Structures are given as structure tokens and as C-alpha cells.
Amino acid sequence: MSKHLIVGMGPIGSAAARLLSARGEEVVLVSRSGAAPATAGLADLPGVRFVRLDATDAAALGELAAGAAVLYNCANPAYHRWATDWPPLAAALLAAAERSGAVLATVGNLYGYGAVTAPMTEDTPLVPNSVKGRVRARMWEDALALHRAGRIRATEIRSSNYIGPHAESPLGARVVPRLLAGRGVQVLRSADTAHSWTYTEDAARLLVAVGGEERAWGRPWHVPGNPPRTQREAVADLAAAAGVAPVRVGEIPAAVLAALGLFNPTVRALREVNYQFERPFVMDSGAATAAFGLKPTPWAEVLSATADSYRSTARQG
């Protein structure tokens, strides 16, 4: 049995905890509240305990990480606060990894690549064109520099927009409940450009795999995913999987988004990454499949799990 420290109890951190618990590992989950989300399915898992901690406290985090095989960065600061909240948190995670000797396995994304014109691979240059993209690129560059200096061991997984139970996603709480009720939905920017989607459970599977594989360290890995689907296609797929009639799919007008951004900081923060839904945004994940034999969960299963989670939440509410 090895000790594994997970910072963050969102969908990825929670799924990783379930995988590690099923394997018989000791799992320590860290969050500011120290409480597991009711939807995470973590309360009765063997070998799992919860710790209340501000993960920007590098000394406390390093002490907690002592003896851990892997330190998983599954944190998720508020979307509009990445520029202020990520740097101290990332620095604390690096310090804790160096102090403890634990492998640092980070949940990343594709923002660092910027506006692309071809499918993204792990070799696509990091040329961020947004504040959030520069933050994420710098996080990886700092971790990689310490890895190459022999001070830590680091790896990173990269996902596109998530889909799955309780995932924060353009195909999440703003879309699925309306679809299940037979109401039309509006999506961000273009409804008809190809887009890669990452199932949260697949991200967790790759995260756990790369944390424990020496050959995975020192480079990023794209999470295995299904072929890209436009937002219009994905909404139709969700309706079919949920057994409801197709719904109308519209696009949120730019003027409406601008107006909403005056009052909603998250909507305002979306402006700089609108490019992801204005042109094809496609991720190639062949490297991880070839290296670890991991294949994406079939699209039909992803859709069913997503729809079922919202139905379950509605019943409980």
C-alpha cells in the first residue's frame, strides 16, 4: 500500500480517489473545507481520509505529503481568478513535491497551446494567446524546469472541455437540465465547429497511470478521447442517450455574452478563450493510448453517465 495525496475534490480528484481506493492504496484528499462533496461518492471508501488545508501553505502541504508516492494537483481555482490564485498554489505544490520527493502529477488543459490551426499533440508549441493560457503554460514550464534539474519528478495530463457527471463544462449544468426538460439550449459561439471533449473518468484514469509510471515523467500527456463532435452534434447525442426528443440548439449572441460579462466575472473571463469555439479545436491523444493502452470510454457510455447524473441530482433535489 502506498500513500497518495490529492489536492482538490472536484470530478477528477474524486474519480482518482475512487480508483486508488479500489486498488487498496492509502488516499489523503485535501481541500479548504476538508469535506467530500455529496455527489463524489467518497464518504465510505476504504483507505480514504479528508484533510482541511489551504494548499497555498507550502510548509503544511509539504509536511502532509511526506511519505507520499504521488502528489496529484487536481485543484480548480475560480475561473476568473486564475491569474491571482494559481501562482501561489502552483508554487506551493512544487515546494511540497521537492520537500517530500513525491511525484507531482498535474491536471492541465489545452489553453497553453493558444489558437491552433491543426489537431493538438503533446509536441504542439506552447504559444498562449490568453492570460489563462499563459498561467497554465508557465505552471508546466516551471515544473519541467525543476524536473530537468533533478529537483522533482513531474508529469501533466491535458484535457479538452470536460463532459461527465458534475463536470464544469459548456455541456454541463447550463445545457443538460434544459435538454432533459425538452427545452432548447444555447451554446457558446459556433454550434458547428469540431471540438474534442474529455470524459472526467478518462482523465482520472490517465492521471493515476502517469503518476505511477517512471516513463511518463518529464512530459505531458493528452487524455484519450472520442472523435470530436460539434456542440450541436453533442447536444443531439445527449438527447438520444437520455431518451428525449431532440431540442433546438442556438448560439448565444456575442452582445448577450458581453452584457452578461458586465455582471458575471466567469462569463467575462470566457471572452479571451472564445477562439476554442470559433474554429476547430481538436486534440490528438494517440500517444497516451500507445504508451499505456488506455482507450476512451465509449461515447454512448459517456453520454448516458452524464444524463443519468443530472437526473439523479434532480430526483434528490
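Below or above, wherever it landed, is the structure these notes cover. (Residues numbered from 1 in each chain as written. Predicted model: local features only at pLDDT ≥ 70, side-chain atom pairs only at ≥ 80, totals over all residues. Heavy atoms only, no water.)

Concerning the side chain of S100
Relative to the helices and strands, S100 resides in helix α3 (residues 82–100). Looking at S100, its side chain comes within polar contact range of the main-chain oxygen of A96, at 2.7 Å. When sequence neighbours within four positions are dropped, the list of residues in contact with S100 reads G62, A65 and A66. (Helix = DSSP H or I, 4+ residues; strand = E, 2+ residues; numbered from the N terminus. Polar contact = N/O pair within 3.5 Å; in protein donor to acceptor, adjacent residues only side chain to side chain. Contact = heavy atoms within 4.5 Å.)

Description of the nonpolar core
One finds L5, V7, V30, L61 and L71 to be the most contacted residues of the largest nonpolar core, which totals 42 residues. At the level of secondary structure, the elements contributing two or more residues to this core comprise β1 (3–7), β2 (26–31), α2 (58–65), β4 (68–73), α3 and α4 (131–148). Looking at this core, the element that brings in the most residues is α3, giving eight residues. Contacts of V30, omitting those with residues within four sequence positions, involve L5, I6, V7, G8, M9, V51, L53 and L64. Counting 33 residues, the second largest nonpolar core, distinct from the first, contains L20, V107, A203 and V223. (Core = buried A, V, L, I, M, F, W, Y, C linked by side-chain atoms within 4.5 Å. Buried < 20%, exposed > 50% of the residue type's maximum accessible area, 1.4 Å probe, protein only.)

Observations concerning the packing of α3 against α4
Put simply, α3 and α4 touch, their axes get as near as 10 Å, and they point 10° apart. Compared by their axis directions, α3 and α4 come out roughly parallel. Where α3 approaches α4, its residues W82, A83, W86, A90 and L94 are matched on the opposing element by V131, K132, V135, R136, M139, D142, A143 and L146. The residue makeup of the contact of α3 with α4, split by class, is 10 nonpolar, no polar and three charged. (Axes fitted to C-alpha atoms, helices over the stretch in contact; angles between N-to-C directions. Parallel < 35°, antiparallel > 145°, perpendicular 65-115°, else oblique. Nonpolar A, V, L, I, M, F, W, Y, C, P; charged D, E, K, R; others polar.)

A short note on the sheet that holds strand β5 (residues 103–109)
Pairing is parallel across the open sheet formed by seven strands, whose spatial order is β3-β2-β1-β4-β5-β6-β10. Both outer strands of the open sheet, β3 (48–52) and β10 (220–222), are each paired with one neighbouring strand and no more. Averaged over all pairs of adjacent strands, the angle between strand axes in this sheet comes to 20°, irrespective of strand direction. Of the strands in this sheet, β1, β4 and β5 are in contact with α3, which crosses β4 at around 175°. Lying over the sheet, α4 contacts β4, β5, β6 (154–159) and β10, oriented at roughly 155° with respect to β6. (Pairing = 2+ DSSP bridges.)

Let's talk about unusual backbone geometry
The backbone of H166 sits at a positive phi, close to 65°, despite the residue not being glycine. When its relative accessible area of 33% is taken as the criterion, H166 is described as partly exposed. Phi at R189 is positive, roughly 50°, even though this residue is not glycine. Within the secondary structure, R189 sits in the loop between β8 (185–187) and β9 (197–199).

Here we look at the pattern of salt bridges
By the definition in use, this model includes 15 salt bridges. As a salt-bridge pair, E233 and R229 come within 3.7 Å of each other at their nearest N and O atoms. The exposure class assigned to R229 is partly exposed, which follows from its relative accessible area of 26%. Close ionic contact of D237 with R229 constitutes a salt bridge, the shortest N to O distance being 2.9 Å. (Salt bridge = Lys/Arg side-chain N within 4 Å of Asp/Glu carboxyl O.)

Here's the deal with the pairing of β4
Counting buried positions along β4 yields five of six residues, so the element is predominantly enclosed. Relative to β5, β4 runs parallel, the two sharing four bridges. Bridge pairing in β5 links V70 to V103. What joins β4 to β5 is α3, and the crossover it makes is right-handed. (Right-handed = clockwise from strand over helix to strand, strands pointing away.)

Re the side chain of T306
Note on placement: T306 falls in helix α11 (residues 299–316). On the accessibility criterion, T306 (0% relative accessible area) is buried. A polar contact of 2.8 Å, which involves the side chain of T306, links it to the backbone oxygen of V302. Once residues lying within four places of it in the same chain are set aside, the contact partners of T306 are I163, G164, P165, V176 and L238.

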